[in-house]
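Fold and geometry: a report
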There are 4 protein chains.
Amino acid sequence: MGHFEKVLKDPVHDEILVDDPWVWRLVNSAAVQRLRRIRQLGTSYLTFHGAEHSRFTHSLGAYETMRRVLIHLQRECGWPADERDRKLALSAALLHDVGHGPFSHTFESIYPVHHEQWTRRILQEDDEMQTILAEIDDEFANDLVGILQKAGRHPMVEQLITSQLDVDRMDYLLRDALNTGVSYGRFELARLLRSLTISDGQILLRANALHTVEQYILARYFMYAQVYLHPVTVGSDVLVLQILRRAGDLIRDGKLRELPQELLAIIGADEMDIRVSDYLALDESTLLYAFRQWSRSEDSVLADLSQRFLHRRLFAPITRTEPNSEEWAILRTAARALGFHPDYYVSGRTAEISGYVYRGEGILLLRPDGSRTELSRESKIVRSLAADTEYRIFIPKEMVEGDDPVCERVRNLVHWAMP
Amino acid sequence: MGHFEKVLKDPVHDEILVDDPWVWRLVNSAAVQRLRRIRQLGTSYLTFHGAEHSRFTHSLGAYETMRRVLIHLQRECGWPADERDRKLALSAALLHDVGHGPFSHTFESIYPVHHEQWTRRILQEDDEMQTILAEIDDEFANDLVGILQKAGRHPMVEQLITSQLDVDRMDYLLRDALNTGVSYGRFELARLLRSLTISDGQILLRANALHTVEQYILARYFMYAQVYLHPVTVGSDVLVLQILRRAGDLIRDGKLRELPQELLAIIGADEMDIRVSDYLALDESTLLYAFRQWSRSEDSVLADLSQRFLHRRLFAPITRTEPNSEEWAILRTAARALGFHPDYYVSGRTAEISGYVYRGEGILLLRPDGSRTELSRESKIVRSLAADTEYRIFIPKEMVEGDDPVCERVRNLVHWAMP
Amino acid sequence: MGHFEKVLKDPVHDEILVDDPWVWRLVNSAAVQRLRRIRQLGTSYLTFHGAEHSRFTHSLGAYETMRRVLIHLQRECGWPADERDRKLALSAALLHDVGHGPFSHTFESIYPVHHEQWTRRILQEDDEMQTILAEIDDEFANDLVGILQKAGRHPMVEQLITSQLDVDRMDYLLRDALNTGVSYGRFELARLLRSLTISDGQILLRANALHTVEQYILARYFMYAQVYLHPVTVGSDVLVLQILRRAGDLIRDGKLRELPQELLAIIGADEMDIRVSDYLALDESTLLYAFRQWSRSEDSVLADLSQRFLHRRLFAPITRTEPNSEEWAILRTAARALGFHPDYYVSGRTAEISGYVYRGEGILLLRPDGSRTELSRESKIVRSLAADTEYRIFIPKEMVEGDDPVCERVRNLVHWAMP
Amino acid sequence: MGHFEKVLKDPVHDEILVDDPWVWRLVNSAAVQRLRRIRQLGTSYLTFHGAEHSRFTHSLGAYETMRRVLIHLQRECGWPADERDRKLALSAALLHDVGHGPFSHTFESIYPVHHEQWTRRILQEDDEMQTILAEIDDEFANDLVGILQKAGRHPMVEQLITSQLDVDRMDYLLRDALNTGVSYGRFELARLLRSLTISDGQILLRANALHTVEQYILARYFMYAQVYLHPVTVGSDVLVLQILRRAGDLIRDGKLRELPQELLAIIGADEMDIRVSDYLALDESTLLYAFRQWSRSEDSVLADLSQRFLHRRLFAPITRTEPNSEEWAILRTAARALGFHPDYYVSGRTAEISGYVYRGEGILLLRPDGSRTELSRESKIVRSLAADTEYRIFIPKEMVEGDDPVCERVRNLVHWAMP
């Protein structure tokens, strides 16, 4: 008894240990609790039904991974030497996603909202967050923001938060693998952590962990190829995008009545004019609520797109080369013929699997003799993982499966085979 | 190729196989997709952060478990002999939860809504559902309703859907254990399934599976004791209850303006007057949206209760005997003194861990010589699991932790020790 | 770098950490390495093919469990306060099985060999062991022996080595479950360890770990019922017993020529006259080698029994009440009629599942208010686990399955049903 | 009841199902039971203590994998169409390792024994095996031998037994990973099996399983790099080799008295003169027994080498380029100076990690349009896995760690750093 200790059961790490009262206060802040209402993998749950976990559980997992990293580095290398650095590292891990909104990447692609920007504002402007962080010390919030923006003042903490070998990725690979039910994302976490070391103020891996880090890099490759960029998921993102575009167009024309107040505060406004409290009021339940209202909208495009999302009648993903202008015309004409507005129902997207690219940011290995080398120089497998892209067209299934002659023309274009 | 097959990756069963097009149509119906927006364990995620999985994933799991049970029984005992019984069993497993609303048990305790009733109405009145089921045959929907209401016309299917040994429980124990991160709910599913047999039109277990079924019964016991009835979770349910009670009281007085249309259709109405489409429009995102609106309500009680839920400032659970009227008076007085409306901030609840109770519904074991026996006669462990209850008072933490003299009086009453 | 660290990958604990050079020396001593050639579960691998793991891997696992227990207790309760107690606890965990021979319990039931006795002698008389332990300090070996014999001088270490809640059992339940492929032996190890505490020089569990310890007690119950006392395994033990009995009888009569030197030194001798080096030369490969030699023996009983073991033609286990003298006569006559020597081919055995029995040695729970209670007072499940026994007859399958009229008489006696 | 069914619990596949009496007879034959006494991974258990599993458990696992493959292919592609092919495939999987002796690869490198040869002889000459196989039909044993020798008469069964995508490898990767405690060997078995298909009498993978088969190929790569070719394990193999070489030299000179009869029948003889029953009498317990006898030999080289193996004082593995003749001379001189016979204590070995090499035997992928492609053409990762070799010198640790000036010279040569 006596000392503070909260133990949270976790499907990935078994137990997550919170033994600092200030960490517990951060966990229970409204800004962090809000992450319970934002899914970690956006629309992936429409492809992998188990992917229902939130950014909140991932944030706890990133915190726990950092906690274990720090215990190892402190014992092994004497860093962090002072308590403040430890606190910065732990809170950065816990709070690194705090600025994310619902369906972040899609949302940001059309609205003037950037989660890095919002992370900064939440840490510096939200009352509750300010109070908790100021209790640590006056400069804590600012230093934290610096770390999350890679300002370079705390290079090792920054490396552990955002690099090719950070606690964010370590947790999400394992967690996403567990929840989607695939084994692709697994790697030897304990061994990887134990192989971290420090030399000249930089975090490196001991060279004998070569195969362990190869396994980790491949886990990322497989998760991108199999889960994150699954064509059905990309198609769901495209659908969300089209709903938001249509809603935006209607708002601009003053034609959208069913609009939750939380969205109004965001969609109409200039980013800097949005209040932090308004941004924090926005989560996935807001959007789902809006989608359901819009599914009864008088605007038939908005209503149909929203229904498609709610009832999982997603766009069909078609993998082929990017159409030329003539082919685009065929697709748009066909859409129009079947009653689909081509601006919202016909689109293409490039998915990019980034490889392991070394641009001064690669993973460094430390040999027993003290010399350094970079991972891709040592590993043929890692070198083989060059970036790759895949182009896909997204249209309603009806456009390829119907009996109408225009469908026949679309089928000729896409070589459609019912999967 | 050629034949229909969808394989869904699943964290519990590895793969869920859908090889009937009509099952796939049911899975993709709006009524079933809606279950993605209702959590399997209600407010448990506020205690076990991993418990974010939905009734949709559980429904798929119950379907898959049934699929495996039927393969076994068909090979072993020749049942189901006809395809229609197989279809009834599979669709009953998939649809058994389709009538559930958000925070079902709490919701039902104050509003005129019963999920069994709604299951029936959805199967018989929802257009899309009607179409899919009628394609099988005209009587299919009615027979399905019969099974889910235990009408007795398909006794073996009913047993597999609702009994002490049903596919519902088999899936949820494993799934809830995985997601909460505890090992308590695990049992030997493959062995249990293989031990099912049929005799005289009844499903029984082979007697040599005694220890396997003991393990399964204990899994349930542990999950109730550790997860389902966790005091923090019960406290979260009580908080939801109080929010809904307060909202209802304000509606009756015509004082609640911030009210999503979906709720209005439900809360004001008589159950039989609610349209199926209105009921299906109600899910957890509706309630979360309402709670967030209410958190800015002019009614300070509703606003405060809603904020408590959204930001996880839950009621403190205090385990002790039920207070007498004098003690209730002390608690209510203290609440009032601290500005808490006692009708909404002071309450008690009994949690009941049901044991394995034999009332003509126990699990029957079949001995090699053909004789039968009932599980609790064979197992001392199972007999030891009598039903049990625990009483708890739920009040705001501020009432026990403050410096005010009234807090001192409350502390004397509850022997509060900061956990 | 610099400091000593060996990390061993382990299927149960993921990683086993050896960070003391003296522990590594003990691990690599001949006496401990010998445990690689003695299976943890004796003949169980003939029933559960995966049960091939050795006492060596279990000893490492018990050491690792102790290491984690001590880290927890040191942080939580400041014990062990001195380094020597820590060393005693770690080495006791690693060495607790060092005196075991091949098929220990069977071997000990007919030869003058007691593993506790041999543990003492190995620690005090083996040259290499003496050297390693004396380097710690002169009294270390004696204190270690005291702990393993529960002399009472180091009560808390003794409790952690031999009690209802010791590191031995914690490791073997998990390890045996993993290797046999059953889930019955699993329990929440991390939570159990974290719940250990110290009060008045005694190790107790915090009362809120009630369900965790119930799960652990049940894990033991299930492993006994399903694995350790599996009738086929008991039958294999009986077979080993009969082989060793027959060999002993032949030796006494001077009729056994094929006798490995290692066995000669043991079987003929008085326990105290056996040299430690001779005892350490004895392991399972010695017995397997002897069995194979004996399988070609001129003595047809010894040859047949040995072949039965090597080729897994085990005795048939028949569960019924103990035969009366008339029934025994029928069995022995039948054996003789079929050419089986009744003294070696007809026998009975009682298997005993011990319950959780409280005789001053129960598991104590510590309540938040400092009061104590004993587990079986708090848990109906634990109380229900009274000791239980089951009687079985072991005879060759041929005696029940043959066409001979005597087989018919045996079948009437045993109500044989081909399983 | 009625029909035959044995279910074996398994740590990898959960349950192994034997539902043919003739399979059960094969499992219980002396030749298959003998595999319980031969470890799957030879001396690997001296590096990864959990690697204690036998070729018997692996053989059951390969059988079970084949059983699942056949169920899939039969349902999907109608093959095997006749029961005999199914029996050939199942028995080939179960028996593929039956000719292996103890420490196979090392043993075969110096004695005239080839496990493929012995597999043939056991199937065709062992009485019990002949009886069981002849009960199926007269040509069964010969056809089985043909399959195991890739005679080409049953190409698809042969492919499933020995190819880059065979049930042997599928089981051993998973099993070795589980037992050693590493995650490297895991892959999506169920998905891989489901992706197998048949076209033009050849087994192929559906092209959409590209990432699944990449994961499987990488599992093999990691297991080779991390487990199978671990330098400590290679050093243990070298030690066994030197023991057997020394024993052979002494036998040739008539100087070895302590020689188990089983070894005498093998080591002295010409392979074709060895009787099957003598070969089957040889297993790891024979060699361990011999090593222990030899550890007390009058020949100090044999005695020391044997003790090193039994007590795990293994050779030190030193990774560097192959020494030139001058460097060899330095090493041998140093050995001699320290009393080590250089012919047995100084040696080098090249370990070879084979890549995925396509020589008419690659894994073929079948595209939806019916065209074929070969895996390494589609996967950059697989292409990157070129074969690789690593050279190591193995000498006693004493040669590098001592204070003697010769040790200094050795250290200069090998750049020894205490790991």
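Residues numbered from 1 in each chain as written. Chains lettered and ligands numbered in written order. Predicted model: local features only at pLDDT ≥ 70, side-chain atom pairs only at ≥ 80, totals over all residues. Heavy atoms only, no water.

**A short note on the pattern of salt bridges**
Short version of the rule: By salt bridge we mean one thing: a side-chain nitrogen of Lys or Arg within 4 Å of a carboxyl oxygen of Asp or Glu. Residue burial is assigned from relative accessible area. The probe radius is 1.4 Å, only protein chains are included, and a residue is buried under 20% of its type maximum, exposed over 50%, and partly exposed in between.
Here the structure, examined in full by the defined rule, presents 133 salt bridges over all chains. Among the ionic pairs, E327(B) bridges to R320(B), the shortest N-O distance being 3.0 Å. According to the relative accessible area criterion, E327(B) is buried, its value standing at 19%. Within this structure, R37(A), E262(A), D283(A), R292(B) and R296(B) form a network of salt bridges that share partners.

**With respect to the relation of the copies chain C and chain D**
Each of the two chain copies can be generated from the other by rotation about an axis followed by a shift along it. For clarity, the cut-off: Superposing the copies works by least squares over the C-alpha atoms of residues that have pLDDT at least 70 in both of them. Throughout, a residue-residue contact means that at least one pair of heavy atoms, one from each residue, lies within 4.5 Å.
Between chain C and chain D, which share one sequence, the superposing operator has a rotation angle of 180 degrees and an axial displacement of 0.0 Å; the RMSD is 0.0 Å. Taken together, these values place the two copies in the relation of a two-fold axis. No C-alpha of chain C lies nearer the rotation axis than that of S285(C), which sits 2.3 Å from it. When you check the interface residues of chain C against chain D, 100% turn up at the interface there too, and the contact is symmetric in its surfaces.

**Comments concerning the interface of chain C and chain A**
How we decide: N or O atoms within 3.5 Å of each other form a polar contact, as long as, within protein, one can give a hydrogen and the other can take it, and as long as residues adjacent in sequence are counted only when both atoms are side-chain atoms. Where helices and strands are cited, they refer to DSSP runs of H or I of at least four residues and of E of at least two residues respectively, numbered from the N terminus.
Counting from both sides, the interface comprises 13 residues of chain C and, opposite them, 13 residues of chain A. Between chain C and chain A we count four salt bridges in total. Linking chain C to chain A there are four residue pairs in polar contact (both at pLDDT 80 or more). Counting only elements with at least two residues in the side of chain C that touches chain A, the list comes to strand 1 (6–10), strand 2 (14–18) and helix 11 (189–195) of chain C. Per-element tally for the side of chain C that touches chain A: the top contributor is helix 11 of chain C, with three residues.

**Thoughts on the sheet that holds strand 9 (residues 388–395) of chain A**
Within a sheet, neighbouring strands are paired by backbone hydrogen bonds and run either parallel or antiparallel to one another. Residue and element names in this part refer to chain A. Cut-off, in case you're wondering: Two strands make a pair as long as DSSP finds a minimum of two bridges between them. Orientation is described by lines fitted to C-alpha atoms, with helices fitted over the stretch in contact, and by angles between N-to-C directions that extend from 0 to 180 degrees.
Pairing is antiparallel across the open sheet formed by three strands, whose spatial order is 5-9-6. At either margin of the open sheet sits one strand with a lone partner, and together these are strand 5 (316–319) and strand 6 (347–353). Pairs of neighbouring strands in the sheet enclose a mean axial angle of 35 degrees, with direction left out of account. Where strand 6 meets strand 9, seven bridges bridge the pair, whose relative direction is antiparallel. What sits directly across from R349, in strand 9, is R392.

**Some thoughts on the side chain of S54(B)**
The topology assignment puts S54(B) in the loop between helix 2 (30–33) and helix 3 (55–77). Residue class for S54(B) comes out buried when judged on its relative accessible area of 2%. At 3.1 Å, the side chain of S54(B) forms a polar contact with the backbone nitrogen of F56(B). Residues contacting S54(B), with those up to four places away along its chain left out, are E52(A), L35(B), R36(B), I38(B), R39(B) and Q40(B).

**Some remarks on the side chain of H72(D)**
Residues and elements named next belong to chain D. By the element assignment, H72 lies in helix 3 (residues 55–77). Polar side-chain contacts of H72 include one of 3.3 Å to the backbone oxygen of R194. In this structure H72 touches L193, R194, S195 and L196, once residues within four positions along its chain are discounted.

**Considering the relation of the copies chain C and chain A**
With an RMSD of 0.0 Å, chain C superimposes on chain A once it is rotated by 180 degrees and translated 0.0 Å along the axis. A share of 100% of the interface residues of chain C reappears at the interface of chain A, consistent with the copies meeting face to face through the same patch.

**Focus on the interface of chain C and chain D**
What counts is decided by this rule: The buried area of a pairing is the accessible area, by a 1.4 Å probe, that goes missing from both parts when the two are put together, added over both.
Facing the 44 residues of chain C at the interface are 44 residues of chain D. Of the roughly 3800 Å² buried at the junction of chain C and chain D (both faces included), carbon and sulfur atoms supply 49%. The tally of links between chain C and chain D comes to six salt bridges. Of the charged contacts, one joins R296(D) and E262(C) as a salt bridge, the two residues approaching to 3.0 Å between their closest N and O atoms. The tally of links from chain C across to chain D stands at 24 residue pairs in polar contact (both at pLDDT 80 or more). Where the side of chain C that touches chain D is concerned, the elements lending two or more residues are strand 1, strand 2, helix 2 (30–33), helix 3 (55–77), helix 10 (167–180), helix 14 (261–267) and helix 16 (284–294) of chain C. Ranked by residue count, the leading element in the side of chain C that touches chain D is helix 16 of chain C, at six residues.

**Observations concerning the environment of L229(C)**
Residues and elements named next belong to chain C. With respect to the helices and strands, the residue L229 is situated in the loop between helix 12 (210–228) and helix 13 (231–252). Since its relative accessible area comes to 17%, L229 is described here as buried. Spatially, the C-alpha atom of L229 lies 9.2 Å from that of S44, the residues being 185 residues apart in sequence.

**What about the sheet that holds strand 5 (residues 316–319) of chain B?**
All names here are of chain B. The sheet built from three strands is open, its strands ordered 5-9-6 with antiparallel pairing. Unpaired on one side and paired on the other, strand 5 and strand 6 (347–353) mark the two borders of the sheet. Ignoring which end each strand starts from, the neighbouring axes of this sheet average 35 degrees apart. Here four bridges tie strand 5 to strand 9 (residues 388–395), and the two strands are oriented antiparallel to one another. Looking across to strand 9, one finds that P317 is bridged to F394.

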